[in-house]
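Below are the chains, spelled out letter by letter.
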Amino acid sequence: MSTIPRELTRYYRLLRRHGINDSHSGNASARDAEHLWITPTGACADDLQSWQLIRCPLTGGACARASADLALHRAVYQFNPKAQAVLHAHGSYAVALTLTGRDYVPADLEGGLYFPRVPVIDMAYDEYFEQSPERVGKALSEFPIAIVRGHGMYAWGDDLDQAYKWICSLELSASVRYHALCAGTRSAIEDGA
Ligand SMILES: [Zn+2]
């Protein structure tokens, strides 16, 4: 029996526990050879069970009960053969600070080491499902993490732990910047806002 469903459930719950997702937002997948495991549509992170995870072919059409972002996850694995896991979260600091649509450039040391620049993908909200697979997939073939403006971040990793690290690091970096703006130790002008 694959251990992937249990690990996916664990990381999906961690994103919620640490406030980077709400009860039902975000999703998670991991590659399993020519298939992927993904969280079900409408999943609640507070009580998701590993037996509820969905196994889908890596390519193809609809897969019953899979996350509405299935096509996006498939695109990431197709554009980036190194990707073994993809996590999506609605980190409020990262989303709030990039509503301008400009790419995110960390002000803190660790953020800058991990992500000298994080692309912000801007698309009309009503065109999200049409455009997001190709645009996010292409961005994640060049960058470890990307932000969809007004929505959330997507990260890939060699494994779930690495994707989780990128999500947590970006959200912490964005919170540092937010608090610096509030404290007046960095101005919005410096940030190009
Ligand atoms: Zn989302």
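Look a little higher up for the structure.
What this report covers is the structure whose coordinates are included nearby.

## Things to note about the overall build of the protein
Secondary structure assignment for the protein yields six helices and seven strands. Shown N-terminal to C-terminal, the secondary structure of the protein runs as helices and strands in the order α-β-β-β-α-β-α-α-β-α-β-β-α. Relative to a compact globule of 193 residues, whose C-alpha radius of gyration would be 16 Å, the protein shows 16 Å and is just as compact. The dimensions of the protein, computed from C-alpha atoms along their principal axes, are 50 × 30 × 30 Å. The buried share among the 193 residues of the protein stands at 42%. In the protein, of all internal contacts separated by at least 6 residues, the share reaching a separation of at least 24 is 63%.

## Details of the pairing of strand β4 (residues 85–89)
Counting buried residues along β4, five of its five residues qualify, which places the element largely inside the surrounding structure. With burial as the criterion, each face of β4 is covered, one bearing Ala-85, Leu-87 and Ala-89 and the other bearing Val-86 and His-88. Bridging between strand β1 (residues 27–32) and β4 involves four bridges; their strand directions are antiparallel. Residue pairing across strands places Ala-30 opposite Ala-85, the latter belonging to β4. In this sheet, strand β7 (residues 152–157) lies alongside β4 in antiparallel orientation, the contact comprising five bridges. Bridged to Ala-85 within β7 is Gly-157.

## Concerning the nonpolar core
Leu-87, Met-153, Ala-163 and Ile-167 are the most contacted members of the largest nonpolar core, which totals 52 residues. If you tally residues by element for this core, the top one is helix α6 (residues 160–183), at seven residues.

## Some details on the environment of Glu-7
Turning to its location among the elements, Glu-7 is positioned in helix α1 (residues 4–17). By the C-beta count within 10 Å, which is 19 here, Glu-7 ends up partly exposed. In sequence terms Glu-7 and Arg-74 are 67 residues apart; their C-alpha atoms lie 19 Å from each other. For Glu-7, the contacting residues outside a window of four places in its chain are Ala-30 and Leu-160.

Conventions adopted
- Residues numbered from 1 in each chain as written.
- Predicted model: local features only at pLDDT ≥ 70, side-chain atom pairs only at ≥ 80, totals over all residues.
- Helix = DSSP H or I, 4+ residues; strand = E, 2+ residues; numbered from the N terminus.
- Rg over C-alpha atoms; globule rule 2.2 N^0.38 Å.
- Buried ≥ 20, exposed ≤ 12 C-beta atoms within 10 Å, placed from the backbone.
- Contact = placed C-beta atoms within 7 Å.
- Pairing = 2+ DSSP bridges.
- Core = buried A, V, L, I, M, F, W, Y, C linked by C-beta atoms within 7 Å.

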